Amino acid sequence: MAPFIGTATSRVDGHAKVTGGAKYAAEFNVSNLAYASIVASTVTKGRIVRIDTTEATRVAGVIDVLTHANRPPMARTDSAYKDEVGPEEGSPFRPLYDDKIIFNRQPIALVVADEAEIARFAATLVRVDCEEDEYVTDLFRRDNKIVTVKKPAAPRGNAGKAYAASDVRHEAEYVIPMEHHNPMELFAATAIWEGDKLTVYDKTQGVQNVQRYLCNVFSMKPDEVRVVSPFVGGAFGVGLRPQFEAVLAVLAALATKRSVRLVLTRQQMFGLSYRPATIERLALGAKPTGTLNAVTHDAIAMTSRYEDFARNDTTWSGLLYKSASAAYSHKLAKLDVQTPSDMRAPGAATGVYALECAMDELAVALKLDPLELRYRVYSDRDQNNDVPYTSKQLRECYRQGAEAFGWDKRSPAPRTMRDGSELVGWGMATGVWDAWQMKFTTRIALTANGHAEVACSTSDIGTGTYTIMAQVAADMLGVPLESVTVKLGDSTLPQSPVEGGSWTAASVSHAIAVTAGKIRKDLLQLAKKIPNSPLREAKAEDVTLVEGKLTSKRDAHRFVSIADAMRSGALDRIEKEGSSDFKEDSSHAHNTHSAIFAEVKVDEELGVIRVTRVVSAVAAGRILNPKTAGSQIMGSVVWGIGMALHEETVIDHAFGRVMNANLAEYHVPVNADVQDIKVIFVEEPDEIINPLGIKGVGEIGIIGVAAAIANAVYHATGKRVRDLPITLDKLMR
Ligand code: MOS
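These lines cover the structure that appears in this document, whether it is placed above or below. (Residues numbered from 1 in each chain as written. Predicted model: local features only at pLDDT ≥ 70, side-chain atom pairs only at ≥ 80, totals over all residues. Heavy atoms only, no water.)

**Points about the overall build of the protein chain**
At step 1: Along its length, the protein chain carries 16 helices and 33 strands.
At step 2: For 733 residues, the compact-globule formula gives about 27 Å, and the C-alpha radius of gyration of the protein chain, at 27 Å, lands near that figure.
At step 3: Its C-alpha atoms put the protein chain at 80 × 75 × 50 Å along the principal axes.
At step 4: Each of the 733 residues in the protein chain was classed as buried or not, and the buried ones make up 61%.
At step 5: A sequence separation of at least 24 residues applies to 80% of the contacts in the protein chain between residues at least 6 apart.
At step 6: Element-wise, carbon and sulfur atoms account for 50% of the exposed surface of the protein chain, whose accessible area totals about 28400 Å². (Helix = DSSP H or I, 4+ residues; strand = E, 2+ residues; numbered from the N terminus. Rg over C-alpha atoms; globule rule 2.2 N^0.38 Å. Buried < 20%, exposed > 50% of the residue type's maximum accessible area, 1.4 Å probe, protein only. Contact = heavy atoms within 4.5 Å. Areas by Shrake-Rupley, 256 points an atom, 1.4 Å probe, with all protein chains shown as cover.)

Shown next, in the form of structure tokens:
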């Protein structure tokens, strides 16, 4: 039995997932369901002159072909298309709204048919004439239109001067390419037509975000649209904003007055958002003893012509390490592409990659072990805001990670470690991410027989939210894990923001603790009414729920069972709602940290790189479930391998079109690429951040991984490749 918090626990939804009981957005079936298929633009920028749907409409089984010209009404203001997490600057994309084409693979028509195959076939028969405009999709063009992101963080000292005066300097440019989300589950929506109401099963990270958006776009009332998403087969950021599959499924349902399903193809998923290609310039100035004088971090990332998407790429550099001066700049190049989106640890995955490679190069220049350099510039305070952390066990991450990896056996010079025909390289890097907390509301219904239903509209994008919610509720209510049912992913459930930013675990857990506290209070009132109640003197803070009993913390012999307490009030259930409410705390920095150690083996003649070992030591406060949290980190490390060696979306700038829009040519790590990964959670007690000491994991797992691998490749080969992915051709060049 308890405690469940902190115990490695298998997913409570695992059985449903492996037996097919867990239903995803494209698996909700109703009778008379119609199927939609997108016609996507092959033009990058311009205007639709004519869409000829005659041939498509003639196909037996086709119900309708929707275009901007014949679609049902949609809102006309930008504000209707804004959402919880979209950029503040700009006009959001409106699917099938008018004749303008603003990015390649933009949906421009939608075929609705009795069968999915008929819809897909008929979509190939839609003829589109366009007037094409000039377009730019290349981040590296000199004549790009550039906008500056609001000052990322205040500079300190004079970094330019301090850099120039430094004895040891390193300056270089690091490039991260455009990367596309490729979750296993294709983006899909099933819009169930119920006359004046709609239920939309959507692949999303935020049902309430999508629900509000659909209400705004289609001028529907909140009780007329329900968005449901009980299971999500991976999303990692592309499901944060409402995506066009939901709008198009609803458009089709409204137009045909039928239930409609739309599933994107893998190719069409490359018309969704992505991690923006970014150029990061780092300049580090140091004293020969290995302390930093100056850190300058300048980033240029791509965004769309119509929205300014930016995340924090730069300020990690001055936050993380002790440096007398620091300066940042962040610019965006406006290109004729779909707006980028969050993608696991947006900003930090790219910015910290550059920082941690630059630190490795500085260590080489200083003739210092890279880990030793991290110790010399270590800081117990947030350097940007000059405040302490709620907790920071990064030093322990370094120590435990290095020990588990065997770092002390590293031979410092490149090309000095071998395994047969392979060069061996060892590299390391630091990771840092935010420990955010948001307002979440939960509802708990506890019955007299000790069963609890915990409900929140939050998603579980595969991270294990169902499981940790059950664990926290079981502990807080003193009932077995099996007695807890979790309901989530439904816009009619209590309020939550999108599941993102690694904030869900800390936030929803706290909301459950608050709500359980209310139930405990009610139970105590009831328990006191029992004649000669053993708890008649007890105050709310003196009692706890354990093993189905409300028990005095001072004297375990004084207790009243949940059943008896409810009986005294003639109740069979207590239902309460409560919210996590976090106060702004600018007197502390809230961050998670990691140390990553990687081993690569590089075939000297062929340049083939294998990542043979990775140790990731993570400090992220209290770990609710080492099993699901460990899987989060492991998955992130795999993604880090992909970022370092495989992933790259390639646009042919002559056409403005992604050329590798499929899983054969968009490379991700496969089983053979993934070898030994060890995850260590370093103990990090935190009594400041929140009452349960939780920070959240997920995104912290990817940050620094690509840098550790890039640094290992340098150590193996003596060759520094700064633009990702590190492919054989770059290595052998
Ligand atoms: Mo994550 S990029 O916050 O889904």
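**Considering unusual backbone geometry**
At step 1: Residue Leu-724 is joined to Pro-725 through a cis peptide bond whose omega torsion reads -10°.
At step 2: With respect to the helices and strands, Pro-725 occurs in the loop between α15 (705-717) and α16 (728-732).
At step 3: One non-glycine residue, Asp-386, lies in the positive phi region at around 50°.
At step 4: Relative to the elements of secondary structure, Asp-386 occurs in the loop between β18 (381-382) and β19 (387-388).

**Regarding the state of the cysteines**
At step 1: Going through the model one piece at a time under the given rule, you end up with zero disulfides.
At step 2: Among the cysteines around Cys-397, which has no disulfide bond, Cys-357 carries the closest sulfur, lying 19 Å off.
At step 3: Overall, the relative accessible area of 0% leaves Cys-397 in the buried class.
At step 4: In this model Cys-456 remains outside any disulfide bridge; the closest cysteine sulfur is found in Cys-215, 19 Å from its own. (Disulfide = S-S within 2.5 Å.)

**Description of the nonpolar core**
At step 1: Counting residues in each nonpolar core, the largest one holds 95 residues, and the members touching the most others are Tyr-353, Phe-597, Val-600, Ile-709 and Ile-726.
At step 2: Top contributing element to this core by residue count: helix α8 (residues 348-366), with twelve residues.
At step 3: Discounting chain neighbours no more than four positions away, the residues touching Ile-726 are Ile-609, Ala-644, Leu-645, Ala-710, Val-713, Val-721 and Leu-731. (Core = buried A, V, L, I, M, F, W, Y, C linked by side-chain atoms within 4.5 Å.)

**Side note on the sheet that holds strand β15 (residues 278-286)**
Paired through their backbone hydrogen bonds, the strands of a sheet run either parallel or antiparallel.
At step 1: Strand order in the open sheet made by the five strands is β7-β17-β16-β15-β8, with mixed pairing throughout. Of all strands in the sheet, those bounded by a partner on one side alone are β7 (145-148) and β8 (168-176). Recorded for the sheet is a direction-independent mean angle of 20° between the axes of neighbouring strands.
At step 2: Pairing of β7 with strand β17 (residues 323-335), which is carried by four bridges, proceeds in the antiparallel orientation. By the bridge assignment for β17, Val-147 is matched with Leu-332.
At step 3: Across the sheet, α8 touches β8, β15 and β16 (292-304), and the angle it forms with β8 is around 145°. (Pairing = 2+ DSSP bridges. Axes fitted to C-alpha atoms, helices over the stretch in contact; angles between N-to-C directions.)

**Considering a nonpolar patch on the surface**
At step 1: Taken together, the side chains of Leu-606, Val-608, Leu-728 and Met-732 make up a nonpolar region of the molecular surface, amounting to roughly 340 Å² of accessible area.
At step 2: Within the secondary structure layout, Leu-728 lies in helix α16.
At step 3: We classify Leu-728 as partly exposed; its relative accessible area is 39%. (Patch = residues over 30% accessible without salt bridge, like charges linked within 9 Å, V, L, I, M, F, W, Y side chains within 5 Å. Salt bridge = Lys/Arg side-chain N within 4 Å of Asp/Glu carboxyl O.)

**Here we look at the pairing of β17**
At step 1: Pairing geometry for β16 and β17, over twelve bridges, is parallel. The residue bridging Met-302 from the neighbouring strand is Ala-333, located in β17.

**Digging into the pairing of β15**
At step 1: When you tally the buried positions in β15, you get eight out of nine residues, the bulk of the element.
At step 2: Examined bridge by bridge, β8 and β15 share nine bridges and lie antiparallel to one another. Within β15, the position partnered with Ile-176 by the bridge is Thr-278.
At step 3: Taking the residues that link successive antiparallel strands as the turn, the β15-β16 hairpin has five residues, and the phi of Gly-290 there is positive, at about 90°.

**Looking at the side chain of Gln-338**
At step 1: The residue Gln-338 is located in the loop between β17 and α8 in this model.
At step 2: For Gln-338, a relative accessible area of 9% puts it in the buried group.
At step 3: For Gln-338, the contacting residues outside a window of four places in its chain are Phe-103, Phe-244, Gly-271, Leu-272, Ser-273, Tyr-274, Ser-304 and Tyr-306.

**What to know about the sheet that holds strand β24 (residues 484-487)**
At step 1: Sheet architecture is open: four strands sit in the order β24-β23-β22-β28, paired in mixed fashion. Either end of the sheet is taken by a strand with one partner, and the two such strands are β24 and β28 (573-579). The mean inter-strand angle of the sheet, taken between neighbouring strand axes irrespective of direction, is 15°.
At step 2: Here seven bridges tie strand β22 (residues 441-447) to β28, and the two strands are oriented antiparallel to one another. Residue pairing for β28: Thr-441 is matched across the bridge by Ser-579.
At step 3: Against the sheet, helix α11 (residues 465-477) contacts β22, β23 (452-455) and β24, and its axis sits at roughly 135° relative to β24.
At step 4: Those strands touched by helix α12 (residues 504-528) are β22, β23 and β28, and its axis lies near 140° from that of β28.

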